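Residues per chain, in single letters:
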Amino acid sequence: MVKMNRFSRSVSIIGIGSTPFMNTIDDPRYQGYTDSELFAIASLRAMEDAGIEPRDVDFFYHGSANPRMFNACVTPNMQYAEWLGMRGKASVHHSEACCSGYVALEQAVEDVASGAHDIVLTGGSELALGVPDGTKPAHFRKPCTLDIIIPDLDNIYERNYSRFLGGPSGVNFDDWMDLYVRENDLTAEQADEVLNTMSYHGRRAASLNPLAYFQESFDDIAKRLGFDNPMDYLKSAHNPKVSQYLRVYSNAPTSDGASAVIVCPTEMAHQFKQTPVEVLGVGSSSLDAINPHLEKRITAEAARQVYEITGVKPEELDLFLCNDFFLSSQLLAAEEVGYLPKGEGWKYVLDGRTAYDGDRPINPHGGRCAFGHAMGASGVADIYEAVLQMRGQAGVRQVKKLPKTTMIRGFGGSQNARAIILRTAQSAQE
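Residues numbered from 1 in each chain as written. Predicted model: local features only at pLDDT ≥ 70, side-chain atom pairs only at ≥ 80, totals over all residues. Heavy atoms only, no water.

### Observations regarding the side chain of Arg 423
Rules: We count a stretch as a helix when DSSP gives it H or I for four or more residues in a row; a strand needs E for two or more, and each element gets its number in order from the N terminus. Each polar contact in these results corresponds to two N or O atoms within 3.5 Å; when the atoms are within protein, one needs to be able to donate a hydrogen and the other to accept it, and residues that are neighboring in sequence are counted only if both atoms are side-chain atoms. Contacts between residues were defined by any pair of non-hydrogen atoms, one from each residue, lying within 4.5 Å.
The residue Arg 423 is located in strand 11 (residues 416–424) in this model. Within the structure, Arg 423 has its side chain in polar contact with the side chain of Glu 316 (distance 3.0 Å). Excluding its chain neighbours within four sequence positions, the residues that come into contact with Arg 423 are Val 277, Glu 278, Leu 280, Val 312, Glu 316, Met 390, Lys 404 and Thr 405.

Right under this line is the structure:
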């Protein structure tokens, strides 16, 4: 057991739960469900996974990118407590954009490590494809459009100190990829081949994942539309470029969904149903979008911190998960943290080595661009997948080597990064 830096106790994950990532407006399985109900489903599944009841949970955290916008609620944790059977128990809601789910784990781990509580539930949820109708109860929703989300960017961003991450051309999304292409002398054709190959393998994994937003593989789509192979389809007008490097399938589909995990002190973790997964450490960094190469810089700093805290070396990592809501992040972050060799990762991609069935797997659940992106829930969905893989419970998409040590790199909102290292917990007798 590893004691968290500055804290008194090691902490492990004992339960995981998730809903599918989907569109609740159109999905008959969850049509009419509210945000509170989705988070309750994920949380109760995590409790069932651990073998505990709501009464056993001491405290819970909830993350969401923007509950006021999507759900007309400022403190949704109060509503969740009712659905979870935890009325009167203390809780906290927080929002760190698309990094919310990774911060959710960080907060819960620090809580338990400090000795404040023993069993803590944490997670995230987002109904991002719709907004309340405004004239009916909350479960009646209408599609969310850009005029609702971003009525006036100049009123949202303080131009003296910040700038919007995307912009009309997605220029900031291409920032790190453009640097990588120039540093490694890649041609435009090679860069396109690398990104399309990542799309292909991400969709392969997602098509095997019942929780993923996209269920049809590119092989099947290409065949259905009369293409000779899936790469021809991915380079066609069906997948046009939306920036210098990124195509339509290089960007994550906005989704609805919820995920949750439960943590406790490692010393008591083996009394529950599942093999516990220890949280060795969390590295953190923040930087605004006004800074050049912000994602590269905060990824490097968060990774530096977590390696220093844990003593883990990059070569010890068996699995890497990355918030790649623009696809290039998958490759770039993997190199930045040392999971892939600097300047060589693109070759690993083309050789299929980063696919779920390769020897250096990345995002075996499909990644944001195929699994879906439910903003505040996405980080917890990555943790869910990491734990599932480390237990050997991922079924047909189980990676070849049972992972003992996993890194999760979270990023979101053009300011926050987290680098989390997980390791299969040893029992006290080992």
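### Comments concerning the sheet that holds strand 8 (residues 277–286)
For the record, the criterion: The pairing criterion is simple: DSSP has to find at least two bridges between the two strands. Each axis is a line fitted through C-alpha atoms, taken for helices only over the stretch in contact, and angles between the N-to-C directions span 0 to 180 degrees.
Taken together, the nine strands give an open sheet; going across it, the order is 3-2-4-7-1-8-11-10-9, and neighbouring strands pair in mixed fashion. Since the sheet does not close on itself, it has two edges, and those belong to strand 3 (91–94) and strand 9 (319–322), each with one partner. With strand direction ignored, the average angle separating the axes of adjacent strands in the sheet is 25°. Of the strand pairs in this sheet, strand 2 (residues 59–63) and strand 3 are connected by four bridges, and their pairing is parallel. If you follow Phe 60 over to strand 3, its bridge partner there is Ser 91. Sheet strands touched by helix 12 (residues 328–336): strand 9 and strand 10 (405–412). Its angle to strand 9, the strand with the most contacts, is close to 130°.

### Topic: the pairing of strand 9
Basically, it comes down to this: For the exposure calls, accessible area comes from a 1.4 Å probe over protein chains only, and a residue counts as buried if that area is under 20% of its type's maximum, exposed if over 50%, partly exposed in between.
Side chains of strand 9 alternate between two faces, with Leu 319 and Leu 321 and Phe 320 and Cys 322 buried alike. Bridge count between strand 9 and strand 10: four bridges; the pairing is parallel. Directly across from Phe 320, in strand 10, lies its bridge partner Met 407.

### Some words on the pairing of strand 2
Among the five residues that make up strand 2, five are buried, leaving the element largely enclosed by the rest of the structure. The alternating pattern of strand 2 places Phe 59, Tyr 61 and Gly 63 on one face and Phe 60 and His 62 on the opposite face, and all of these are buried. Summarising the sheet, strand 2 and strand 4 (residues 120–127) pair through five bridges and their orientation is parallel. Looking at strand 4, one finds that Gly 63 is bridged to Gly 124.

### Structural notes on the environment of Ala 377
Topologically, Ala 377 is positioned in the loop between helix 14 (368–371) and helix 15 (378–391). Separated by 277 residues in the primary sequence, Ala 377 and Ser 100 have C-alpha atoms spaced 7.3 Å apart. Setting aside its immediate chain neighbours within four residues, Ala 377 contacts Phe 21, Gly 124, Ser 125, Gly 257, Ala 258 and Ser 259.

### Re the packing of helix 1 (residues 35–50) against helix 3 (residues 77–84)
Applied cut-off: For classification, angles of less than 35 degrees are called roughly parallel, those exceeding 145 degrees roughly antiparallel, those between 65 and 115 degrees roughly perpendicular, and all remaining angles oblique. Helix crossings get a hand from a simple test, with the near helix turned counterclockwise from the far one by less than a right angle marking a left-handed crossing and a clockwise turn marking a right-handed one. Under the scheme applied here, ten amino acids are nonpolar (Ala, Val, Leu, Ile, Met, Phe, Trp, Tyr, Cys and Pro), four are charged (Asp, Glu, Lys and Arg), and all others, including Gly, are polar.
One way to put it is that helix 1 packs onto helix 3 with a least axis distance of 9 Å and a crossing angle of 55°. When the axis of helix 1 is compared with that of helix 3, the two are oblique. Of the two elements, helix 1 crosses helix 3, and the hand of that crossing is right-handed. On helix 3, the residues that touch Asp 35, Ser 36, Glu 37, Phe 39, Ala 40, Ser 43, Leu 44 and Met 47 of helix 1 are Gln 79, Tyr 80, Trp 83 and Leu 84. A per-class count over the contact of helix 1 with helix 3 returns seven nonpolar, three polar and two charged.

### Describing the packing of aromatic side chains
Here is the rule: Pairing of aromatic rings covers Phe, Tyr and Trp, the last through its six-membered ring, and needs centres within 6.5 Å; plane angles under 30 degrees mean stacked, over 60 mean edge-to-face, and all others mean tilted. The rule is short: NZ of Lys or CZ of Arg within 6 Å of the ring centre and within 35 degrees of the ring normal puts a charge over the ring.
As enumerated under the stated definition, the model contains 14 aromatic pairs in all. Ring geometry for Tyr 213 against Phe 214: centres 5.1 Å apart, planes inclined by 90°, an arrangement best described as edge-to-face. The class of Tyr 213 is partly exposed, set by a relative accessible area of 27%. For Phe 214, a relative accessible area of 21% gives the class partly exposed. On the basis of an interplanar angle of 80° and a centroid distance of 5.0 Å, the ring pair of Phe 325 and Phe 326 is categorised as edge-to-face. Given a relative accessible area of 4%, Phe 326 falls into the buried group. An aromatic cluster is built from Tyr 213, Phe 214, Phe 218, Phe 227, Tyr 233 and Tyr 249, whose rings are joined through pairwise contacts. Stacked on the ring of Tyr 249, the Lys or Arg Arg 203 has its end atom at 5.2 Å from the ring centre.

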